[in-house]
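Coordinate inspection notes
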Amino acid sequence: MGRHPLNPLVVLGASGSIGRQTLDVATRIGAPVVALAARTASDTLLAQADAHPDAIVCVVDPGERVDEFQSRLGDRFHVGQGAITEVAATKDSTVVNGVVGAAGLAASLSALYAGNRLALANKESLVAGGPLVRRALETGDGELIPVDSEHSAIWQCITGESPSSVARLVLTASGGPFRGFSQKQLAGVTVEAALDHPTWSMGPRITTDSATLMNKAFEVIEAHYLFDIPYDNIDVVVHPQSIVHSLVEFTDGVVKAEVGLPDMRKPIQYALTAPDRIEGDHPPLDLIGADLTFEAPDRIAFPCLDLGYAAGRAGGTATAVLNAADEVAVQAFLSGDIPFVAIPDVVGGVLDDHEVFEPETIEDVRGADRWSRDQARQSCERIRGG
Ligand code: MG
């Protein structure tokens with residue numbers, strides 16, 4: 001194995017699922033870690049700071065552990081959202097953005113305008129801020145490589161192809177824990193059941209979004225912004241085994257797919273090394289006897305998918321509103337305040353009331369986000385109050 005010139009890594013959302021797996025990959029392939037960032041001051045983050053003693057450690061809101069972290073980490077310790085935006089601009093680095101939520105957008109823009117490689121796992125950067133990220137890519141020297149398994153699959157399929165030869169993208173969806181459920185069955189599902197994802201191990205918000213298919217709706221929007229493909233040419237197919245990670249159909253009818261056992265460390269590693277590859281430590285794929293099935297998504301039982309298409313086609317601030325309303329609705333569901341089936345009702349109602357505009361600045365996106373959260377909270381209150 002030859003020496004690969006790996007950029008130093010800035011890992012945002014270090015203590016989360018993507019962050020922890022990124023650090024696994026970094027250790028294995030020998031990528032230096034120059035910064036770790038997280039929302040809260042956790043023991044996981046402290047252990048990571050010990051394992052990477054040269055890394056700066058940023059915490060958005062350290063709360064009552066601020067003094068403890070200060071004395072443990074000294075000069076390495078930085079506090080606040082601004083510290084994360086700043087560290088994302090570390091020269092000549094690869095910024096892995098595994099932040100959960102709309103807070104990830106500022107860091108993504110900061111990384112791109114600094115000319116860095118952005119390994120993007122934060123969905124909200126493209127869902128909420130797609131037009132801004134597009135502009136940053138057009139005007140800056142930065143590059144964006146997707147980490148999400150579906151988009152990594154598409155990225156790998158189209159590498160080396162001419163953009164005009166792409167006819168259609170097909171995103172695969174596991175269907176989540178409630179695949180095959182009727183609307184009636186969905187009415188009674190619990191938080192525990194929603195958090196029990198069949199193939200991927202992820203955080204509570206994205207796992208709930210997988211159960212409603214909102215996650216797939218977000219991925220359709222991400223694909224639109226990443227690959228500049230019209231929504232009419234982006235399809236979703238349910239593939240419960242999660243072996244085929246997505247497909248690309250070309251104008252000559254040829255279809256390419258990226259196939260493998262589900263393991264986020266593979267798309268993470270590819271985002272760090274692309275277009276090169278470094279040896280992995282994954283079990284070989286054995287397709288003998290594998291039963292791979294594909295079915296159409298149930299758009300009636302899972303209306304979030306079409307809410308995503310509608311918001312995507314509306315463009316502008318509509319997708320930021322979609323994301324923010326969903327975040328509030330999912331939190332309300334996880335807190336036991338609204339039933340699972342109310343999530344699309346809340347989000348759809350907020351979208352209906354939104355007057356879409358084209359965001360020019362991050363403040364425009366934040367404004368739409370705040371408005372959406374307010375509306376969604378009121379809607380959840382009304383549902384809870386019965
Ligand atoms: Mg995905």
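Now for a description of the structure that goes with this document. (Residues numbered from 1 in each chain as written. Predicted model: local features only at pLDDT ≥ 70, side-chain atom pairs only at ≥ 80, totals over all residues. Heavy atoms only, no water.)

1. Notes on the nonpolar core
Stated formally: As used here, the term nonpolar core means buried Ala, Val, Leu, Ile, Met, Phe, Trp, Tyr and Cys residues forming a set that is joined through side-chain atoms within 4.5 Å. Burial here depends on accessible area, computed with a 1.4 Å probe over protein chains only, as a share of the maximum for the residue type. Under 20% is buried, over 50% is exposed, and the range in between is partly exposed. Only DSSP runs of H or I reaching four residues or more are called helices, and only runs of E reaching two or more are called strands; each is numbered from the N terminus. Should any heavy atoms of two residues lie within 4.5 Å, those residues are considered in contact.
Formed by 83 residues in total, the largest nonpolar core has its most connected members in L12, L169, L322, I338 and F340. In terms of residue count, helix α14 (residues 318-334) provides more of this core than any other element does, ten residues in total. Apart from the residues within four sequence positions on either side, L12 is in contact with A37, I84, V87, A88, V95, V96, N97, G98, V99 and A107. One finds I18, V57, V96 and A274 within the second-largest nonpolar core, a separate group that totals 34 residues.

2. What to know about a nonpolar patch on the surface
The criterion, for reference: Residues enter patches when they are more than 30% accessible in relative terms and free of salt bridges; like-charged ones are connected within 9 Å and nonpolar ones (Val, Leu, Ile, Met, Phe, Trp, Tyr) within 5 Å. Areas reported as accessible are Shrake-Rupley estimates using a 1.4 Å probe. Residue values count occlusion only from the protein chains shown. We define a salt bridge as a contact between a side-chain nitrogen of Lys or Arg and a carboxyl oxygen of Asp or Glu at a distance within 4 Å.
A surface patch of nonpolar side chains, amounting to about 450 Å² of accessible area, comprises V259, L261, L285, L287, L292 and F294. Of note, L292 is situated in the loop between α12 (265-273) and α13 (304-314). By relative accessible area, L292 is classed as partly exposed at 30%.

3. Structural notes on the coordination of the magnesium ion
Spelled out, the test is: Sites may look incomplete, because water is not among the atoms used; the donor set itself consists of N, O and S atoms within 2.8 Å of the metal (3.2 Å for Na, K and Ca).
Only D148 (OD), E150 (OE) and E219 (OE) from the protein coordinate the magnesium ion, and they sit 2.1 to 2.3 Å from it. Donor residues binding the magnesium ion come from one chain and are separated in sequence as D-x1-E-x68-E. Here the residue D148 occupies a position in the loop between β7 (143-146) and α7 (149-158), and E219 occupies one in helix α11 (residues 214-227), the gap between them amounting to 71 residues. Given the relative accessible area of 12%, D148 is considered buried.

4. Quick look at the environment of R384
Formally: We define a polar contact as two N or O atoms separated by no more than 3.5 Å, with the added condition that, inside protein, one atom must be a possible hydrogen donor and the other a possible acceptor, whereas residues neighbouring each other in sequence contribute only through side-chain atom pairs.
Mapped onto the elements, R384 comes out in helix α16 (residues 362-385). Since its relative accessible area comes to 47%, R384 is described here as partly exposed. The sequence separation of R384 and G336 amounts to 48 residues, and the corresponding C-alpha distance is 9.3 Å. Engagement of the side chain of R384 in a polar contact is seen with the side chain of D337, the distance being 3.4 Å.

5. Here we look at the environment of V321
Here V321 lies in helix α14. The sequence separation of V321 and W155 amounts to 166 residues, and the corresponding C-alpha distance is 27 Å. Each residue touching V321, except ones within four places of it in the same chain, is listed here: V350, L351, H354, A368, W371 and S372.

6. Focus: the packing of α14 against helix α15 (residues 342-353)
Under the convention used in this document: Every axis corresponds to a line fitted to the C-alpha atoms, with the helix fit spanning only the stretch in contact, and the corresponding angles, defined between N-to-C directions, vary from 0 to 180 degrees. Here the angle decides the label: under 35 degrees means roughly parallel, over 145 means roughly antiparallel, 65 to 115 means roughly perpendicular, and every other value means oblique. In this scheme the crossing of two helices becomes right-handed for a clockwise turn of the near helix relative to the far one and left-handed for an anticlockwise turn of less than a right angle. Charged residues are taken to be Asp, Glu, Lys and Arg, nonpolar residues to be Ala, Val, Leu, Ile, Met, Phe, Trp, Tyr, Cys and Pro, and polar residues to be all remaining types, Gly included.
Closest axis-to-axis distance for the α14/α15 pair is 9 Å, and the angle between their directions is 150 degrees. Classified by the angle their axes make, α14 and α15 are roughly antiparallel. Taken as a pair, α14 and α15 cross one another with a handedness that is right-handed. Residues A318, V321, L322, A325, D326, A329, V330 and F333 of α14 form the contact with α15, whose own contacting residues are I343, V346, V347, V350 and L351. A per-class count over the contact of α14 with α15 returns twelve nonpolar, no polar and one charged.

7. Considerations on the side chain of Q269
You can see Q269 is positioned in helix α12. In this structure the side chain of Q269 is engaged in a polar contact, spanning 2.5 Å, whose partner is the backbone oxygen of I278. Not counting residues up to four positions away in its chain, the partners in contact with Q269 are V25, R28, I29, I278, E279 and G280.

8. Topic: helix α5 (residues 104-113)
Counting buried positions along α5 yields nine of ten residues, so the element is predominantly enclosed. All of the buried residues in α5 are G104, L105, A106, A107, S108, L109, S110, A111 and L112. Positioned one or two residues after α5, G115 has a phi angle of 85 degrees, which is positive.

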